[in-house]
Amino acid sequence: MKLIRKCAAFFLLVFCVAGLRAQPRPDTKTIKAVRFGKLWDAKGKLWTNAIVIVDGDRIRSVATDASAIPAGAEIIDLSKYTGLPGLIDAHTHMTMYTDETPGEPMLKQLTSNPPAVELFLARKGAMRTLEAGVTTVRDLGADQYLDIAMRDLINRGEMIGPRMFVCGYGLYITNTPYKPGINPPAGGIADGVPEVLKSVRQQIAAGADVIKMYASTGTDDDVTGFQTYNYEEIKAAVDAAHQFGKKIAIHSYGPDGAWDAVRAGTDSLEHATGMDDATIEAMAKRGAFYVPTIDHNRYYLDNWQKIGYANGFQEKSEAFIQRNLETARKAHKAGVKFAMGSDAIYTMFGENTRELGWFVRAGMTPEQALRTATTNGAELLGKEKELGAVAPGYFADLVAVEGDPLSDIDVAIYKVKWVMKGGAVVMDKTKGQVR
Ligand SMILES: [Zn+2]
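Caption draft 1: Molecular detail of the layout of surface pockets. Its volume calculated, the largest pocket comes out at about 1,300 Å³. Those elements that provide at least two residues to the lining of the largest pocket are helix H2 (106-112), helix H3 (115-131), strand E8 (210-214) and helix H9 (295-307). In terms of residue count, H2 provides more of the lining of the largest pocket than any other element does, three residues in total. When its residues are assigned to classes, the lining of the largest pocket shows 17 nonpolar, 16 polar and six charged.

Caption draft 2: Representation of the coordination of the zinc ion in the model. Ligation of the zinc ion by protein atoms is provided by His 91 (NE2), His 93 (NE2) and Asp 343 (OD), these donors lying 2.0 to 2.2 Å from the ion. All donors to the zinc ion come from one chain, and their sequence spacing reads H-x1-H-x249-D. Taken together, the residues His 93 in the loop between strand E5 (87-92) and H2 and Asp 343 in the loop between strand E12 (337-338) and helix H11 (355-361) connect sequence positions 250 residues apart. As far as burial versus exposure is concerned, His 93 and Asp 343 are alike and both buried.

Caption draft 3: Fine view of the sheet that holds strand E15 (residues 424-428). Pairing within the open sheet is mixed, and its seven strands lie in the order E3-E2-E1-E4-E13-E14-E15. Two strands in the sheet have a free side with no partner beyond their single neighbour: strand E3 (58-63) and E15. Direction aside, the axes of adjacent strands within the sheet are offset by 30° on average.

Caption draft 4: Local environment of the packing of H3 against helix H4 (residues 146-155). Relative orientation of the contacting elements H3 and H4 amounts to 50°, with a least axis distance of 11 Å. It follows from the interaxial angle that H3 and H4 lie oblique. Helix-helix and strand crossings are classified by hand; for H3 and H4 the assignment is right-handed. In this structure, H3 uses Pro 115, Glu 118, Leu 119, Ala 122 and Ala 126 to contact H4, whose residues at the interface are Leu 146, Ala 149, Met 150 and Leu 153. Within the contact of H3 with H4, the residues separate by chemical class into eight nonpolar, no polar and one charged.

Caption draft 5: A look at the environment of Trp 40. Positionally, Trp 40 belongs in strand E1 (residues 31-40). Sequence separation between Trp 40 and Val 390 is 350 residues; the distance between their C-alpha atoms is 8.0 Å. Other than its neighbours up to four places away in sequence, Trp 40 contacts Lys 45, Leu 46, Gly 83, Leu 84, Pro 85, Glu 367, Leu 370, Arg 371, Thr 374 and Leu 406.

Caption draft 6: Structural view of H4. Considered for burial, the residues of H4 that qualify are Leu 146, Asp 147, Ile 148, Met 150, Arg 151 and Ile 154. Following H4 by one or two positions, Gly 157 has its phi on the positive side, about 85°.

Caption draft 7: Focus on the packing of aromatic side chains. Counted according to the given criterion, the structure contains eleven aromatic pairs. Centroid distance Trp 304 to Phe 313: 6.2 Å. Interplanar angle 70°. Geometry classified as edge-to-face. Owing to a relative accessible area of 6%, Phe 313 belongs among the buried residues under this scheme. Members of the aromatic cluster, joined through ring pairs, are Tyr 299, Tyr 300, Trp 304, Tyr 309 and Phe 313. Over the ring of Phe 395 we find Arg 58; its NZ or CZ atom is 3.8 Å from the centre of that ring. Its guanidinium or amino end placed over the ring of Phe 395, Arg 163 lies 4.2 Å from that ring's centre, counting from NZ or CZ.

Caption draft 8: A look at the packing of helix H5 (residues 192-206) against helix H6 (residues 231-243). The interhelical angle for the contact between H5 and H6, taken along N-to-C directions, is 30°, at an axis separation of 9 Å. With respect to H6, the axis of H5 lies roughly parallel. Viewed along their axes, H5 and H6 form a crossing whose handedness is right-handed. Residues Gly 192, Val 193, Val 196, Leu 197, Val 200 and Ile 204 of H5 pack against Glu 232, Glu 233, Ala 236, Ala 237, Ala 240 and Ala 241 of H6. A per-class count over the contact of H5 with H6 returns nine nonpolar, one polar and two charged.

Criteria and thresholds
- Residues numbered from 1 in each chain as written.
- Predicted model: local features only at pLDDT ≥ 70, side-chain atom pairs only at ≥ 80, totals over all residues.
- Heavy atoms only, no water.
- 1 Å grid on protein atoms, 1.4 Å probe; cavity = no way out; pocket = protein on both sides within 12 Å on 5 of 7 lines; lining within 4 Å.
- Points joined across faces, edges and corners; volume = space filled by probe spheres on them.
- Helix = DSSP H or I, 4+ residues; strand = E, 2+ residues; numbered from the N terminus.
- Nonpolar A, V, L, I, M, F, W, Y, C, P; charged D, E, K, R; others polar.
- Donors = N, O, S within 2.8 Å, 3.2 Å for Na, K, Ca; no water.
- Buried < 20%, exposed > 50% of the residue type's maximum accessible area, 1.4 Å probe, protein only.
- Pairing = 2+ DSSP bridges.
- Axes fitted to C-alpha atoms, helices over the stretch in contact; angles between N-to-C directions.
- Parallel < 35°, antiparallel > 145°, perpendicular 65-115°, else oblique.
- Left-handed = near helix turned anticlockwise from the far one by under 90°.
- Contact = heavy atoms within 4.5 Å.
- Phe/Tyr/Trp six-rings, centres within 6.5 Å; stacked < 30°, edge-to-face > 60°.
- Lys NZ or Arg CZ within 6 Å of the ring centre and 35° of its normal.

Structure below.
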């Protein structure tokens, strides 16, 4: 009996500790005052000795005078660091995290892991994403509505991860090879205008925040960019999404799908290489965002054996990266708006912001690159009044980096020391560092 009671007490303790660890809800009773040596607020101001007053999950004010700190506030001293708004990754696949179990190619795990295992593993990718300073993601493709479950679990505080805006199934043309037996159609498969309309409506009914459509071939080690959906189908998806107040992201590896996506009125264009001047000009004029995702092919090349790609694809992927970079250079020069998207999948989480390095290589200043992951990302989500900047009323999403990210973009990528999401500190590497 005594032993049973002891065991019960032990398990209760374990559960309590586990419970606490799983739910770092912000302490909404305490006002926090976060001090930064410098603060880039994404609103056009670089502050010196800034104090950000955080009340619950929001920013109450930004000041430089210590008299602005309310009595009893918890002071977080990050005066050795530069503050930035929490970053936004506009293209992820958060539920498609796979581990590096020996002998299990990650590509195979994606189809063999049961949904519950997939979602459980996704915690690691979510944590790594936060550690990179990314506090918000637009997730563009998942199975079984696991993205919706994950978004809701994070919002409830049951799972630690970035704030997610999700699409459910991405729309895809029929692409099932012959398999013996009964083959139920995969979610998101839609051909022709009526099926496209039905699928868009299905994603919205399931709880999607945004619609995703694959308008060309190309994924993983396949860098072909043949257009799949025709203009009428693309236009139907764009209009159906907009009718419900949702934005749409259209995937196209090649220029043909890109042109039809842009003239149909897409809100963002993912990947697209080889776009001609007319497409780029139309994007600039319409304000469509370009999310080139250059770095994901770099990740594939670095990790192809662990993923399980067949040898021999490398030359084509390397050429694709160069076309991707060149297209980005042209688009930036023409005044197209960019949003930073990593296309993180497998174990790429944590490398989300490496895309910023490519943007600087494409001709952006570090500040312009940072805008793609802050104000631009927020605008693409339709959340420009509460995400992507450090200002009163915005979510208290803050990142501290060591160094000057405005002169060296690598500081924002590799020197993240501390992260706050919605008023809760989710990562802190500042401890133990003696000045
Ligand atoms: Zn993707």
